[in-house]
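# Structural features, examined
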Amino acid sequence: MFSIRLLLAGITFLFAGAALAQTTIPLPEHPRPDFERPQWLNLNGSWSFRFDAEDAGLADGWHTGGVAFPLTINVPFPWGSNLSGVPDGADIGWYARDLTAPADWAGQRVFLVIGAADYHTTIWLDGHQVGEHEGGYTPFSAELTAHLRPGSAQRLVVRVDDVRRDHQLYGKQGYGNARGIWQTPYLEVRGRTPAEFVHFAPDIDRDRVTATVRLLEPASSPVAVVVDFTDPSVPDAQFSVPAGAREASLVIPIPHPHRWSLDDPHLYDVDVRVGEGDQADRVRTYFGMRKISVMDMPGTDYRYVALNDEPVYLQLALDQAYHPDGFYTFPSDDFIRDEVLRSRQIGLNGMRVHVKVALPRKLYWADRLGVLIMADLPNSWGEPVDIQKQEVERSLEWMMQRDFNHPSIFAWVPFNETWGLFTKAGDREIYTPETQAWVASVYDQAKRRDPTRLVEDNSVCCHRGHTRTDINSWHSYLPGWAWVDSLAAVSKGTYPGSTWNFEPGYRQDRQPNINSEFGNVWGYEGSTGDVDWTWDYHRAIDAFRRFPRVAGWLYTEHHDVINEWNGYWRFDRSEKITGLDAFVDGMSLRDFHAPIYVAPETPLSQDAAAGARVEVPLVASFMTGRDYGEELVLRSRWFAWDALGNEVPLGEQTRRFAYRPWMQGSIGSVAGTMPAGPAVVVLALTVEDAAGAVLGRNFSTFVVSGAPPQTMTVDGRRTRLLRVAAKDLAESDWSVKQWDVLDGLKVNGAGAGHFSYRLAWPADLKPTDVEGATFLVEASAKQLFGKDRDNAAAMSGDYMLGGGTFDPSRNPNAYPMTDTQRYPSSVRVLVNDVPAGVYELPDDPADSRGVLSWHNQLKDRKLREAGSYGYRLAVTIPPDALAKAAEEGAVRIRLEVDDALPGGLAIYGARFGRYPLDPTVALTLK
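Here's what I pulled together on the structure shown here.

Criteria and cut-off values
Residues numbered from 1 in each chain as written. Predicted model: local features only at pLDDT ≥ 70, side-chain atom pairs only at ≥ 80, totals over all residues. Heavy atoms only, no water. 1 Å grid on protein atoms, 1.4 Å probe; cavity = no way out; pocket = protein on both sides within 12 Å on 5 of 7 lines; lining within 4 Å. Points joined across faces, edges and corners; volume = space filled by probe spheres on them. Helix = DSSP H or I, 4+ residues; strand = E, 2+ residues; numbered from the N terminus. Nonpolar A, V, L, I, M, F, W, Y, C, P; charged D, E, K, R; others polar. Core = buried A, V, L, I, M, F, W, Y, C linked by side-chain atoms within 4.5 Å. Buried < 20%, exposed > 50% of the residue type's maximum accessible area, 1.4 Å probe, protein only. Contact = heavy atoms within 4.5 Å. Pairing = 2+ DSSP bridges. Axes fitted to C-alpha atoms, helices over the stretch in contact; angles between N-to-C directions. Expected span 1.5 Å × (residues − 1). Phe/Tyr/Trp six-rings, centres within 6.5 Å; stacked < 30°, edge-to-face > 60°. Lys NZ or Arg CZ within 6 Å of the ring centre and 35° of its normal. Disulfide = S-S within 2.5 Å. Salt bridge = Lys/Arg side-chain N within 4 Å of Asp/Glu carboxyl O.

With that settled, the discussion passes to empty space enclosed by the protein. With the rule as written, the count across this model stands at seven cavities of 30 Å³ or more. Roughly 150 Å³ of internal volume is contained in the largest cavity. For the largest cavity, the lining is made up of 13 residues, of which Leu27, Pro31, Thr184, Ile336 and Leu359 are closest to its centre. Examining the composition of the lining of the largest cavity, we find that three residues originate from one element, strand E10 (residues 180-190), more than from any other. Among the residues forming the lining of the largest cavity, the class breakdown is eight nonpolar, three polar and two charged. Reported here for the second largest cavity is a volume of approximately 90 Å³. Around the second largest cavity, the lining comprises 14 residues; the ones closest to its centre are Gly135, Gly136, Tyr137, Leu169 and Ser395.

So, about the nonpolar core. Soluble globular proteins: nonpolar side chains tend toward being buried together. Formed by 134 residues in total, the largest nonpolar core has its most connected members in Phe410, Phe518, Tyr537, Phe544, Trp553, Tyr568 and Phe699. In terms of residue count, helix H7 (residues 534-546) provides more of this core than any other element does, six residues in total. For Phe410, the contacting residues outside a window of four places in its chain are Ile292, Val305, Leu314, Leu316, Leu372, Ile373, Met374, Arg453 and Leu454. In this structure, Val724, Trp734, Leu759 and Phe775 belong to the second largest nonpolar core, which totals 38 residues.

To continue, consider the sheet that holds strand E33 (residues 613-622). Strand pairing in a sheet relies on backbone hydrogen bonds. The paired strands run either parallel or antiparallel. Taken in spatial order, the three strands line up as E31-E33-E36 in an open sheet, and their pairing is antiparallel. Here the strands that pair on one side only, and so sit at the sheet edges, are strand E31 (596-600) and strand E36 (664-673). For this sheet, the mean inter-axis angle between neighbouring strands, taken without regard to orientation, is 30°. Here five bridges tie E31 to E33, and the two strands are oriented antiparallel to one another. Its bridge partner being in E33, Pro600 is matched across the sheet by Leu618. Against the sheet, H7 touches E31, E33 and E36, its axis set at about 105° to E31.

This part takes up helix H2 (residues 333-345). Counted at 1.5 Å a residue, the expected span for H2 with its 13 residues is 18 Å, and the 18 Å between its end C-alpha atoms agrees. Most of H2 sits inside the fold, with 10 of its 13 residues counted as buried. The set of residues buried in H2 consists of Asp333, Phe335, Ile336, Arg337, Glu339, Val340, Leu341, Arg342, Ser343 and Arg344. Of the residues trailing H2, Gly347 is marked for its positive phi of about 90°.

Here we take up the sheet that holds strand E49 (residues 890-897). Judged by pairing direction, the sheet is antiparallel, and its five strands sit side by side in the order E41-E44-E49-E46-E47 without closing on themselves. Only two strands of the sheet have a single partner each, and these edge strands are strand E41 (731-734) and strand E47 (834-841). Adjacent strand axes in the sheet meet at a mean angle of 15°, parallel and antiparallel pairs treated alike. Alignment of strand E46 (residues 825-831) against E47, held across seven bridges, turns out to be antiparallel.

Throughout the structure, instances matching the rule amount to 51 aromatic pairs. Aromatic side chains Trp381 and Trp419 sit 4.8 Å apart centroid to centroid with 35° between the ring planes, which places their arrangement in the tilted category. Highlighted residues: Trp381 in the loop between strand E23 (372-376) and helix H4 (386-403) and Trp419 in the loop between strand E24 (409-413) and strand E25 (423-425), separated in sequence by 38 residues. Between Trp533 and Tyr537 the ring centres are 5.5 Å apart and the planes differ by 75°, which places this aromatic pair in the edge-to-face class. Judged by its relative accessible area of 2%, Tyr537 is buried. Positioned above the aromatic ring of Phe335, the side-chain terminus of Arg342 is 5.6 Å from the ring centre.

Now for the state of the cysteines. Taken as a whole, this structure holds one disulfide when the rule is applied. Shown here is the disulfide that connects Cys461 with Cys462, its sulfur atoms set 2.3 Å apart. Its S-S torsion of about 55° marks the bond between Cys461 and Cys462 as right-handed, since a negative value means left-handed. For Cys461, a relative accessible area of 11% corresponds to the buried category.

This brings us to the pairing of strand E43 (residues 746-750). Burial within E43 is extensive, with five of its five residues counted as buried. Residues Lys746, Asn748 and Ala750 point to one face of E43 and Val747 and Gly749 to the other, with burial holding for every one of them. Inspection of the sheet shows strand E42 (residues 737-741) paired to E43 by five bridges, in the antiparallel sense. From the neighbouring strand, Asp740 faces E43, where its bridge partner is Val747.

Looking now at the pattern of salt bridges. Throughout the structure, instances matching the rule amount to 61 salt bridges. Here Asp91 and Arg179 are joined by a salt bridge, their closest N and O atoms 2.7 Å apart. Of this pair, Asp91 sits in the loop between strand E3 (71-75) and strand E4 (92-100) while Arg179 sits in the loop between strand E9 (153-161) and E10, and the two are 88 residues apart along the sequence. Residue Asp91 is classed as partly exposed on the basis of its relative accessible area of 37%. As a salt-bridge pair, Arg149 and Asp126 come within 3.0 Å of each other at their nearest N and O atoms. Here Asp126 lies in the loop between strand E6 (120-125) and strand E7 (128-134) and Arg149 lies in the loop between strand E8 (140-143) and E9, a separation of 23 residues in the sequence. Asp126 sits in the partly exposed class, given a relative accessible area of 29%.

Rendered as structure tokens:
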């Protein structure tokens, strides 16, 4: 069985040429583990730099020397990023550095390779132009041999013109511009007849692989090719490229192939020698023996993407692939590796690298760690004119050529949401039939270049559809409550011959149905800003698992970026806190992605009558072929948070049910009795195997309302309860702002200040009958978010191009989710002017624990502090304060925040937050 720990411990693959790379420079590793030559020199680090705002450098001969480049830039980070050290100052930049090629490179062909530079790049060595390239995402090279003097210092100058062009594949660079050089530049020695690429196309059905070598130039005479496998079980293979040709292939048997899979991502390392003797070109690469196809889920006609003839229920994240300080470029290889590991750690099986070409080392780590990749091509924001079409076609070819050997890639995606495919017609934008036919032709081109993978013509959204495609995908950004109806309609409306989600003239065949983007980031009016996504995520996953005709989903998104904050992690990759373990011991995000899943066929929260018997039907969604035995164990635990915020057990049940691989459908129901009074009831579910190992966790909730009792038994003592609604304030005053939510279900005070309540002493209660008293309240700190500021400006601009806002709390729907950055406050409680204590409020949280805040949202596609909740404070009322209250005929509560720590205060009523608790005085009777 595959072990991440053992895999990481065993990673020792370092090609000999890495010894030439300096270790004090950023990203010293070879940038192409899939295409690495033994003699190379990393050129990352400090370069001289100069902006050319007037575009005068070419005419003034900056490439010939004699002109100072006064800035220092840290290559390969794009200018304008913090890690580059150079603020953005113009659309054109010039780089220069001295380099000395090793003396023993004399007499050999030497090339400069730049991993990527955006957009038009020109290269000079000692004033001689040696190369030029247009394109922003894939590697290009320039031969230096004619002008190189190994052993001597020489001057290398690079000019990059990043003036915006309508046809340029720009993607979402408004989130952080990939300006200039943004992937590693390096020198490498190539043989006399170098390879342009070496591709391996696996065929697990016939236990073989087809090796294809393409030369940089046509062969002047037959060129020998030797393929040397490091695995001793695979014999070396030899073939040749004929004279006058550039390309040749050979089918190589792989005895007893070790397949690449998600649990065992085995790679075959290969050394390829092109030519003979000292002038041979030597390349190290690798491939995985795996097969990508489409098949029925066993026992159904549901079409699924398959890996090695085994269905895969796709659970992917949209990977915007941005770093706050490096934009497109990550600060270290460890960071790149950890990006992939994060997905595995929460149980995802893939990522869609979104509208950019993935870093080769990210693909390398996906290959090594067993994570699937959907590979997007970046989009332009212009119209589909000829020059833009040429840019798309050549960039797609370059991407596919570079990344062919990565087994992690299972699908190519040339277009996203029809961006760059609209033609303006007056005040409208039209996706013309001619453009649709061209998109279909791009699909055909991709399939001809790579028949071993799937191709999605256009990852569709917004009432635009497919042409020819291997996947019937769609984007749906919905509130959590809308998912069941939406997926039911999709399941009913997709079948061979269906036109749903296809453009006129095109129809569905037997493609898998995949929701290729979802999340509440765009599911509410005007997007959400930063909110608790766990509740809507839970509702969506429960719905997806109930509709197995949908073969997978892709959540937006892996991590936050500057204008989208619904990532599993913050932009800096710090943790967000889900609160799931408050419902089921040990529950985490992994449980949402477990192959063994039991989903209640009821809403995640629903109203229930006091004392009612409720029945919850359950659906099995077992997305695995693994044999767990004939039976599994279902444990259900019922508990409640009552009107005083106490946790109350309500009972447990255990039963066994039959198991079979790929099982879908009903497994019966569980039933429980609701409490007699107001409560939030939780049904906690776990599925175990016969040995007691937990395979999956889930929960559902019920909100029991009704009139709260006047008396309760608490810890065996009869208790009289005095309540006041959160909004029924006797006094209040706040230094910054005071406001409420949903007509007073929650009240907020920002800064320093106080809330005061007055609760009448019961006329029928003698003070001598009271032994003691406690004040109970749900409260949190209260940060003043951008949306709540009186001078909050309206958001504007195109989000994809960096418009909108960089403040994740400014959106009207926002309420930032709990994370590792806290916002503390401290509240001093006085009862009838007698100090009763100071209580720390560690944060202003919002996550799945805010059941009532989600349950009582209006279904109007707007959010009002959804998911927010507080901490249950139990304040012992001093005896002298109690005596004063009885004497005055009222209990006066004052909760104040001092200006020494002006963290604000929020008070939650019985219909908001975590507990069905109004501010309450509990009088313990003798």
